Amino acid sequence: MDTRTGDTRTASWQESAQALAALRERWPDEVPHTVPDPIAGPGLAQNVIHWANDRPDTTALSFYGWTSTWSQLRDDAAATAGWLAQRGVTEGTRVGVFMGNCPQFVHSFLAIAWLGAVFVPINPMYRAEELRHQLDDSGATHLVAHPHSRSIVDAAVSQLAGPVDITWTDPGAVFTFPLAPAPDADFPNGLPSRDSADDWEQVLSSKPVEPVPADPDRLASLNYTGGTTGLPKGCEHTLGHLSYTAVSAMAGMATSPGAQPTVTLGFLPMFWVAGENFGLLLPIYNGGEVVIMTRWHAPTALRSIVDRGVTWVVAPADSYVELIDLLDTSEFSDVDLTSLKTCQAVSFGRKLDVELRADWKSRTGILLREASYGMTETHTSDTFTLGLQDEDRDLRAEPVYCGFPVPGTDIVVVDHDLEPLPVGEAGEILVRSPSVTTGYWKNPRATQESLIEGWLRTGDTGRFDDQGALTYLARTKEMIKVKGMSVFPAEVESLLRGNPAIQTVAVAPREDAERGQVPVAFVVLADGTDADERSLSAWAKDNMAVYKVPQFVLVDDMPMTATGKIRKTVLIDELLEANS
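What you are looking at is a predicted structure, and each value in this text was computed from that prediction instead of being measured.

Asks: Give me a negative patch on the surface: which residues, what numbers.
Replies: Where like charges cluster on the molecular surface, the negative patch consists of D318, E322, D325 and E514. Structurally, the position occupied by D325 is in helix α11 (residues 317–327). For D325, a relative accessible area of 48% corresponds to the partly exposed category.

Written out as C-alpha cells, the structure reads:
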C-alpha cells in the first residue's frame, strides 16, 4: 500500500464504519454499545480463582457423568501449572496441546495461562508431518498429548532439531484419578487403568504454583490457520484479545460476566478457535459450566441438555436437523428442554433457513438464530444477531446473515482499490477490533499483506443492508470448507509435493451436498511412476488430516494461463466433469 495515502484510507474506513453505525436503529435495547469489564481483569487464572472463591461448589466442568467444581478446577489447574513449571515451562514458553475435547484439555489451557506461557492448540486429527510443522514453526518445547497418538508424535518429534518434552494423558484418566462413576459414553480405546493412564496421577499430585500477574499485552496463544501460500501460520493473540472476545460476545448475548452463568454444550473442537471461544473462554470469564463432549453425537447431546440443564447451544445447522429427527422418535418425544435459553446455528454445508427455524421452535419454543461472523485472525465472534429476527428478515436475506458488529468492533466493505462501498454493494470485508491478531508468527510478509493500521483484510466477500447489518456472501476463493473445517489448497499442495510420485499438483474445491465442499487434487505423475488414484489416496491418509484428503484426478498436463498459472476453473469445470 502507498503509505502516503494510508492515513487517508484508514480515515475513510472509519467514516464508513460510523455511517453504518448510524443506520442501526434496530440495535436491541438490551445489548450495550460498550463492552463490560472482565469480573477479575483479563487474566484467565485470575478469573478462575475469582469463581473458585465466589462459587466454590458450583460445577465448572462435566464430562459424561464426571464433574468438577470451580474450586477443584482451580486446584487442578494450579497443580498442572506446577507440573509444567517443574518441566521447564515458564513465561513465553510455547506449549502444544494435541488432544480432543476432555477435562485435561481445559486444565492444560489454564495451566499454560497460569504460567504466562503460550497456548498452541493442535488439531488432533493431524498426521506426523502436519504436527511436525506446527511444533517446528511455533518453537514449542513441551507437548500435552493423548497416548494413543504416540506413533504420530514420535514420528513428528524425531524430525525436529531440538527436544520436545511430552506429557501423556488419556481423557479417560479422569475416571481413574480419583475413582469416578463409569462414563455415560463409550471411549473408543476403553478406559485406562492406573498403570496405563500415563502421567495424569503425577500431574494432579504436583505442588501447585501461584499464577503470574495478568498482562493484557502478553502473547497468550498461537492459533494456526491455513493460507493461500503454503503451510499453516500462527495468529498471535494476546491475553487482552482472549478477554475481549469473551466479554464482547457476552455483550452481544445481552449479558455480562457473572450476570447469567451459562451451561454450555461444549462439543465444538476446543483446538478450533470457535470451540476455544464457546467451550473455554465464555464459560471461564462468565463463571458458567461447560458440558464437555469429545465429539458430536445427537442422542448424547439431547441427554446432556436434560441431565445438565444446558442453557446454550452453538452447533452447525445440520446438528439441529439431527436433534429434530430424534425429538420425533418415541425415545425422545417427551424430553424436557426447558433449560435451553439460547440456540445458535452455524451455517456450513446446510444453511439456517426459515423452515429449520420453524421446526426447531415448534419443538422447543426457542428461536434458532445464526451465530456470528469471524475467523481465526479476529478470534471470531465478531458479530451478533440477537433481536434481529423480526418476520424472519434475517433468513430471507441472502445467506449468511451476520447481523451487527459486537461492541468495540468495526466492520466495513471495500472494493478492489480498498475504497469503502455503499450499502447494498458487495466487496471485501475488513475488520478492526481489540482482538484482531497482532500478526502472523515469524511471518512479517504475511502480516504486512493482511494488516493495515489495525484493520484486517479478511479476503471474504460481504455486503451491508440498509439497516447496517452484514451479510456474508462467499468464503475466500482460496479456501475450501469441509464440514466447517478450513482447507487451504496451497497447504494440501505443499503436503502432496512430498510424494515423489507427483510431478505437478493443483487443488481446487468441488461442491458436495453432504460436506459442503471437498478438495480435489489434479495430479501430473512423475515419469516412471506406477502410482494411481488409490495409492495416492492411501499416501494422503497417512500424511494429512482426514478432512484434507482430496479426491484424486490424474491428468496428462495442466491448463495454463498466458502468465504461467494453472487454470483451476478449467480443471473443475471441464476435467472433473469429464471424470465424473
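Asks: Which residues make up helix α10 (residues 298–308), and what values go with them?
Replies: Among all positions of α10, only A298, P299, T300, A301, L302, S304 and I305 are buried. Among the structural elements, β9 (263–266), β10 (289–292), β11 (312–316) and α11 are those in contact with the buried residues of α10. With its phi angle positive at about 65°, G309 sits one or two positions after the end of α10.

Asks: Tell me about the pattern of salt bridges, and name the residues and values.
Replies: Summed over all chains, the structure comprises 21 salt bridges. A salt bridge links R363 to D328; the shortest N-O distance between them is 3.0 Å. With R363 in helix α12 (residues 354–364) and D328 in the loop between α11 and β12 (342–346), the pair connects residues that are 35 residues apart, well separated along the chain. For R396, the salt bridge is made with D392, and the minimal N-O distance between the two is 3.9 Å. Looking at D392, the relative accessible area reads 17%, which means it is buried. In this structure, a network of salt bridges that share partners links the residues R357, D392, D394 and R396.

Asks: An account of the packing of helix α8 (residues 239–252) against helix α9 (residues 273–286) is needed here, citing residue identities and associated values.
Replies: Two numbers describe how α8 lies on α9: the axes approach to 9 Å, and their chain directions differ by 85°. Viewed along their axes, α8 and α9 adopt a mutual orientation that is roughly perpendicular. For the pair formed by α8 and α9, the contact residues are L239, L242, S243, T245, A246, A249 and M250 on the first element and E276, N277, L281, L282, Y285 and N286 on the second. Looking at the contact of α8 with α9 residue by residue, the class counts come to eight nonpolar, four polar and one charged.

Asks: Which residues make up empty space enclosed by the protein, and what are the values?
Replies: Where empty space is left can be seen by rolling a probe of water-molecule size over the atoms. According to the stated counting rule, one finds five cavities of 30 Å³ or more in the structure shown. Reported here for the largest cavity is a volume of approximately 120 Å³. Every residue lining the largest cavity is counted, 14 residues in all, and those nearest its centre are A249, M253, Q344, S372 and T383. Listed by contribution, the elements that provide at least two residues to the lining of the largest cavity are α8, α9 and β14 (383–384). Here the residues of the lining of the largest cavity are counted per class, giving eight nonpolar, five polar and one charged.

Asks: Go over the side chain of R369, please, and point to the residues and values.
Replies: Structurally, R369 can be placed in strand β13 (residues 368–370). Buried and without a salt bridge, R369 has D394 as its closest oppositely charged side chain, separated by 8.2 Å. A polar side-chain atom of R369 sits 3.3 Å from a polar atom in the side chain of T385. Excluding anything up to four places from it in sequence, R369 contacts T342, C343, Q344, A345, L352, R357, T385, L386 and Q389.

Asks: Any details on the environment of N543? Residues and values, ideally.
Replies: Tracing the backbone shows N543 in helix α16 (residues 533–543). Note: C-alpha distance between N543 and N499 (44 residues apart in sequence) is 9.7 Å. Excluding anything up to four places from it in sequence, N543 contacts R127, E129, E130 and L495. Within polar-contact distance, the side chain of N543 engages the backbone oxygen of W539 at 2.8 Å.

Asks: Describe the state of the cysteines, listing the residues and the values that go with them.
Replies: In total, this model carries zero disulfides according to the counting rule given. C402 takes part in no disulfide bond, and the closest cysteine sulfur, belonging to C235, lies 19 Å away.

Asks: Tell me about the packing of aromatic side chains, and name the residues and values.
Replies: With the rule as written, the count across this model stands at 15 aromatic pairs. An angle of 65° between the planes, with centres 5.6 Å apart, marks the rings of W13 and W455 as edge-to-face. Here W13 is found in helix α1 (residues 6–22), whereas its partner W455 is found in strand β19 (residues 455–464), with 442 residues between them in sequence. Each of the two residues, W13 as well as W455, counts as buried. Their ring planes at 70° and their centres at 5.8 Å tell us that F63 and F187 sit as a pair that is edge-to-face. With F63 in strand β1 (residues 59–63) and F187 in the loop between β6 (165–168) and α7 (200–204), the pair connects residues that are 124 residues apart, well separated along the chain. Taken individually, F63 and F187 each receive the classification buried, so the pair is uniform in this respect. Taken together, the ring pairs in this structure connect F63, Y64, F175 and F187 into an aromatic cluster. A cation over an aromatic ring shows up here: R150 above the ring of W168, its NZ or CZ 4.2 Å from the ring centre. Over the face of the ring belonging to Y440 we find K233, whose NZ or CZ atom lies 4.9 Å from the ring centre.

Cut-offs used in this document
- Residues numbered from 1 in each chain as written.
- Predicted model: local features only at pLDDT ≥ 70, side-chain atom pairs only at ≥ 80, totals over all residues.
- Heavy atoms only, no water.
- Patch = residues over 30% accessible without salt bridge, like charges linked within 9 Å, V, L, I, M, F, W, Y side chains within 5 Å.
- Areas by Shrake-Rupley, 256 points an atom, 1.4 Å probe, with all protein chains shown as cover.
- Salt bridge = Lys/Arg side-chain N within 4 Å of Asp/Glu carboxyl O.
- Lys, Arg positive; Asp, Glu negative; His and termini not counted.
- Charge placed at Lys NZ, Arg CZ, Asp CG, Glu CD.
- Helix = DSSP H or I, 4+ residues; strand = E, 2+ residues; numbered from the N terminus.
- Buried < 20%, exposed > 50% of the residue type's maximum accessible area, 1.4 Å probe, protein only.
- Contact = heavy atoms within 4.5 Å.
- Axes fitted to C-alpha atoms, helices over the stretch in contact; angles between N-to-C directions.
- Parallel < 35°, antiparallel > 145°, perpendicular 65-115°, else oblique.
- Nonpolar A, V, L, I, M, F, W, Y, C, P; charged D, E, K, R; others polar.
- 1 Å grid on protein atoms, 1.4 Å probe; cavity = no way out; pocket = protein on both sides within 12 Å on 5 of 7 lines; lining within 4 Å.
- Points joined across faces, edges and corners; volume = space filled by probe spheres on them.
- Polar contact = N/O pair within 3.5 Å; in protein donor to acceptor, adjacent residues only side chain to side chain.
- Disulfide = S-S within 2.5 Å.
- Phe/Tyr/Trp six-rings, centres within 6.5 Å; stacked < 30°, edge-to-face > 60°.
- Lys NZ or Arg CZ within 6 Å of the ring centre and 35° of its normal.

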